[in-house]
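One-letter residues, chain by chain:
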Amino acid sequence: MRVTPRILVFAGSVRTGAYSGRTADAAQKTLAMQGAETTRVSLADYPLPILDEDLEREEGIPENAMRLARQVAAHDGVLIATPEYNGSIPPLLKNAVDWVSRVRRDGGRTFMPMAGKPAGLCSSSAGQFAGIRAINHLRAVLVRCRMEVVAPECSVPAGAAAFDEAGNLRDERLKQSMEHLCRTLMETASMWSKRVEP
């Protein structure tokens, strides 16, 4: 029997009112409506130094990277909503991904939380390009980290006008795009889950 998928949701920006944050909120709502268990976290709760292999060698993986890695491991899939900075991924998000990708052990056991983990992607921007350059870069990075990134994605243009007062996407095509992404991520996460429900 397939499990009810648990999906971890976060945005690549922690700015107040960030379009990526609002996109992540809309994704969480869509996932919940489709029957997923969701956990919404903020990267602000996992502050990390810039990736530095000298620091890693001297002090090990930072505890906040381990905490985030354990969150990824505790869920069947991950949904990330990225903004676009200078045509690419924001440094906050890239640094978090880089640190978690360095995790190899937790205590005495092998621990590689990103390998084989299903991921779904959203992007957003203030303009009409909707963060499509950033989402393509993020997809390439996560594939390199051996995550199973699902093909559907949802890119939100004109972020200032994209959401209604309740935080829902206004555009019907974007709603359908978000629903398709979330449904595909849930199906993939459920199929790949190693959890067994009673």
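Above this text sits the structure in question.
A brief structural summary.

Cut-offs and rules
Residues numbered from 1 in each chain as written. Predicted model: local features only at pLDDT ≥ 70, side-chain atom pairs only at ≥ 80, totals over all residues. Heavy atoms only, no water. Helix = DSSP H or I, 4+ residues; strand = E, 2+ residues; numbered from the N terminus. Rg over C-alpha atoms; globule rule 2.2 N^0.38 Å. Buried < 20%, exposed > 50% of the residue type's maximum accessible area, 1.4 Å probe, protein only. Contact = heavy atoms within 4.5 Å. Areas by Shrake-Rupley, 256 points an atom, 1.4 Å probe, with all protein chains shown as cover. Lys, Arg positive; Asp, Glu negative; His and termini not counted. Charge placed at Lys NZ, Arg CZ, Asp CG, Glu CD. Expected span 1.5 Å × (residues − 1). Polar contact = N/O pair within 3.5 Å; in protein donor to acceptor, adjacent residues only side chain to side chain. Pairing = 2+ DSSP bridges. Core = buried A, V, L, I, M, F, W, Y, C linked by side-chain atoms within 4.5 Å. Salt bridge = Lys/Arg side-chain N within 4 Å of Asp/Glu carboxyl O.

1. Comments concerning the overall build of the chain
For the chain, the count of helices and strands is six helices and seven strands. Ordered by position from the N terminus, the helices and strands of the chain form the series β-α-β-α-α-β-α-β-β-β-α-β-α. The C-alpha atoms of the chain give a radius of gyration of 16 Å, which matches the 16 Å a tight globule of 198 residues would have. Within the chain, the proportion of its 198 residues that are buried is 49%. Partitioning the intrachain contacts of the chain with sequence separation of at least 6 by distance along the chain shows that 76% fall at a separation of at least 24. Surface accessibility of the chain: about 9900 Å² in total, with carbon and sulfur atoms responsible for 51%. The centroid of the 25 positive side-chain charges in the chain is displaced by 3 Å from the centroid of its 23 negative side-chain charges.

2. Looking at helix α6 (residues 172-192)
Between its first and last C-alpha, α6 extends 30 Å over 21 residues, near the 30 Å set by a 1.5 Å rise per residue. All buried positions along α6 are accounted for by Leu174, Met178, Leu181, Cys182, Thr184, Leu185, Met186, Thr188, Ala189 and Ser190. The inward-facing, buried residues of α6 abut β1 (6-11), α1 (19-33), β3 (77-82), β6 (118-124) and β7 (148-156). In this structure Asp171 caps α6, since a side-chain oxygen of it lies 3.0 Å from the backbone nitrogen of Arg173.

3. Describing the environment of Gly17
Here Gly17 shows up in the loop between β1 and α1. It is 17 Å that separates the C-alpha atoms of Gly17 and Leu93, two residues lying 76 residues apart in sequence.

4. Points about the pairing of β3
A large share of β3 lies buried, amounting to six of its six residues. Across five bridges, β1 lies against β3 in parallel orientation. Looking across to β3, one finds that Phe10 is bridged to Ile80. Looking at chain direction, β3 and β6 are connected through five bridges and run parallel. Residue pairing in the sheet places Thr82 in a bridge with Ser123 of β6.

5. Some words on helix α3 (residues 63-74)
Over its 12 residues, α3 extends 16 Å from the first C-alpha to the last, a length consistent with the 16 Å expected when each residue adds 1.5 Å. For α3, the set of buried residues is Asn64, Ala65, Met66, Leu68, Ala69 and Val72. Residues of α3 that are buried sit in contact with β1, β3, α4 (91-101) and β4 (105-106).

6. Observations regarding the nonpolar core
The tendency in soluble globular proteins is for nonpolar side chains to be buried side by side. In this structure, Phe10, Ile80, Leu93 and Leu142 are the most contacted members of the largest nonpolar core, which totals 32 residues. Taken together, the elements giving at least two residues each to this core come down to β1, α3, β3, α4, β6 and α5 (132-144). What Phe10 contacts, discounting residues up to four positions off in sequence, is Ala24, Arg40, Val41, Leu43, Val78, Leu79, Ile80, Ala81 and Leu93. The next biggest cluster of nonpolar side chains, apart from the first, holds 24 residues, and it includes Val9, Leu31, Leu185 and Ala189.

7. Focus on the pattern of salt bridges
Pairs may arise between side chains of opposite charge once their charged atoms sit close together. Counting across every chain of the model gives 12 salt bridges. A salt bridge links Asp171 to Arg173; the nearest nitrogen and oxygen atoms lie 3.9 Å apart. Judged by relative accessible area, which is 28%, Asp171 ranks as partly exposed. Here Arg173 falls in the exposed class, since its relative accessible area comes to 67%. Taken together, the shared-partner salt bridges connect Glu63, Arg70, Asp106 and Arg109 into one network.

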